[in-house]
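# Architecture at a glance
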Amino acid sequence: MKNVRPKQTKEPTDLSQRAFDNIRQMLFHNELVAGQKVPFKDLSVQLGMSVTPVLHALKFLEFQGLVRREPNKGYFIEPLQLEEVEELYTFRSLLELTLVEITITKLDKSGEAELRAVHSAYLRSLESNLTHQKLIADRNFHLAIAQLSGQSIRLATLKNLFDMLHLKYKTSLGYVTSKQSNQEDHGKILDAILARDRDLAKSLLAAHIENSRIHACLNLQQMIAEKSQIQV
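From a predicted model like this one, the values you see are computed outputs, not experimental measurements.

### Here's the deal with the overall build of the protein chain
Counting its regular elements, the protein chain contains ten helices and two strands. Counted from the first residue to the last, the protein chain has its helices and strands arranged as α-α-α-β-β-α-α-α-α-α-α-α. Across the protein chain, every contact between residues at least 6 apart in sequence was considered, and the portion connecting residues at least 24 apart equals 74%. With the model as given, the accessible surface of the protein chain reaches about 13100 Å², and the carbon-plus-sulfur share is 53%.

What follows is the structure, given as structure tokens:
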């Protein structure tokens, strides 16, 4: 009698991950926006899966602070908060400044090549009119610096901070600084890292993040003011 191999089915975690990835994309492309109720039943139909993995994905997004659950009402995308942006940038600066210092002490030839590659990809993104491409390239540049430190826990925390900024506050980031400013900032930071100048690299990185914070907060203040005027 032949052995009959059981049919393979997708694990619930696979479906939950797919739901999570899809909802992240919707947030990033403003298909789901701050304050909006999440139509999780419609999402399950759209994604071709049951409601359960979609709810699992929303629970994780709730843990990240991107959505909230209201009893008997459902899930909502968290509203925009100026104080949250301020805190995210402050924490981001603390993380990146410690990580860049460690990266410089560990940097080798392969690390140098990796940083040059992500910087080149960033420069190419500046020629695009698509904001999301610039944001992704900017994120990749900063995360590449952090990743070379080998500090996995702090790297994961930094990735979560970028998720909060890009998935929830992408519109307010705009692009937070001018093309020329970002090009010069990243180039100078890269040169300082390659020269193993820790003090200069930290100083340039701190100024770059602070400039981004100022522009993001100004844009968000304007958005909140405009929204309040519309509601009056």
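### A look at the pairing of strand β2 (residues 74-77)
Across four bridges, strand β1 (residues 67-70) lies against β2 in antiparallel orientation. Directly across from Arg68, in β2, lies its bridge partner Phe76. What sits between β1 and β2 in their antiparallel hairpin is a turn of three residues, with Asn72 showing a positive phi close to 70 degrees.

### Describing the nonpolar core
Membership of the largest hydrophobic core comes to 56 residues, with the highest contact counts inside it found for Ile23, Val54, Leu58, Leu158 and Ile193. At eight residues, helix α4 (residues 82-106) tops the list of elements feeding residues into this core. Excluding anything up to four places from it in sequence, Ile193 contacts Val100, Ile104, Leu107, Leu115, Ile145 and Ala201.

### Description of the confidence of the model for the protein chain
Here the protein chain averages 85 in pLDDT, and 86% of its residues register 70 or above. Confidence scores differ between elements of the protein chain, with helix α8 (residues 170-173) showing the lowest mean pLDDT of 64 and helix α5 (residues 109-125) the highest of 96. Per-residue pLDDT stays below 50 along residues 1-11; that stretch engages in two contacts with residues further than four places along the chain or on separate chains.

### Considering the side chain of Ser149
Looking at the secondary structure, you find Ser149 in the loop between α6 (131-147) and α7 (152-168). A distance of 3.2 Å separates the side chain of Ser149 from the backbone nitrogen of Gln151, its partner in a polar contact.

### Observations concerning the packing of α4 against α6
It is at 8 Å that the axes of α4 and α6 come closest, and there the two elements cross at 55 degrees. With respect to each other, α4 and α6 are oriented oblique. Together, Arg92, Glu96, Leu99, Val100 and Thr103 of α4 and His142, Ile145 and Ala146 of α6 make up the contact between the two elements.

### Quick word on the packing of aromatic side chains
Tallying each qualifying case throughout the model produces two aromatic pairs. Taking 5.2 Å as the distance between ring centres and 80 degrees as the angle between the ring planes, the aromatic pair formed by Phe20 and Phe60 counts as edge-to-face. In this pair, Phe20 sits in helix α1 (residues 12-28) while Phe60 sits in helix α3 (residues 51-63), placing the two residues 40 residues apart along the sequence. Since its relative accessible area comes to 11%, Phe20 is described here as buried. Judged by centre distance (6.0 Å) and plane angle (35 degrees), the ring pair of Phe60 and Phe63 falls under tilted. Here Phe60 pairs with Phe63, and both are found in helix α3, just three residues apart, close to one helical turn.

About the criteria used
Residues numbered from 1 in each chain as written. Predicted model: local features only at pLDDT ≥ 70, side-chain atom pairs only at ≥ 80, totals over all residues. Heavy atoms only, no water. Helix = DSSP H or I, 4+ residues; strand = E, 2+ residues; numbered from the N terminus. Contact = heavy atoms within 4.5 Å. Areas by Shrake-Rupley, 256 points an atom, 1.4 Å probe, with all protein chains shown as cover. Pairing = 2+ DSSP bridges. Core = buried A, V, L, I, M, F, W, Y, C linked by side-chain atoms within 4.5 Å. Buried < 20%, exposed > 50% of the residue type's maximum accessible area, 1.4 Å probe, protein only. pLDDT = per-residue confidence, 0-100. Polar contact = N/O pair within 3.5 Å; in protein donor to acceptor, adjacent residues only side chain to side chain. Axes fitted to C-alpha atoms, helices over the stretch in contact; angles between N-to-C directions. Parallel < 35°, antiparallel > 145°, perpendicular 65-115°, else oblique. Phe/Tyr/Trp six-rings, centres within 6.5 Å; stacked < 30°, edge-to-face > 60°.

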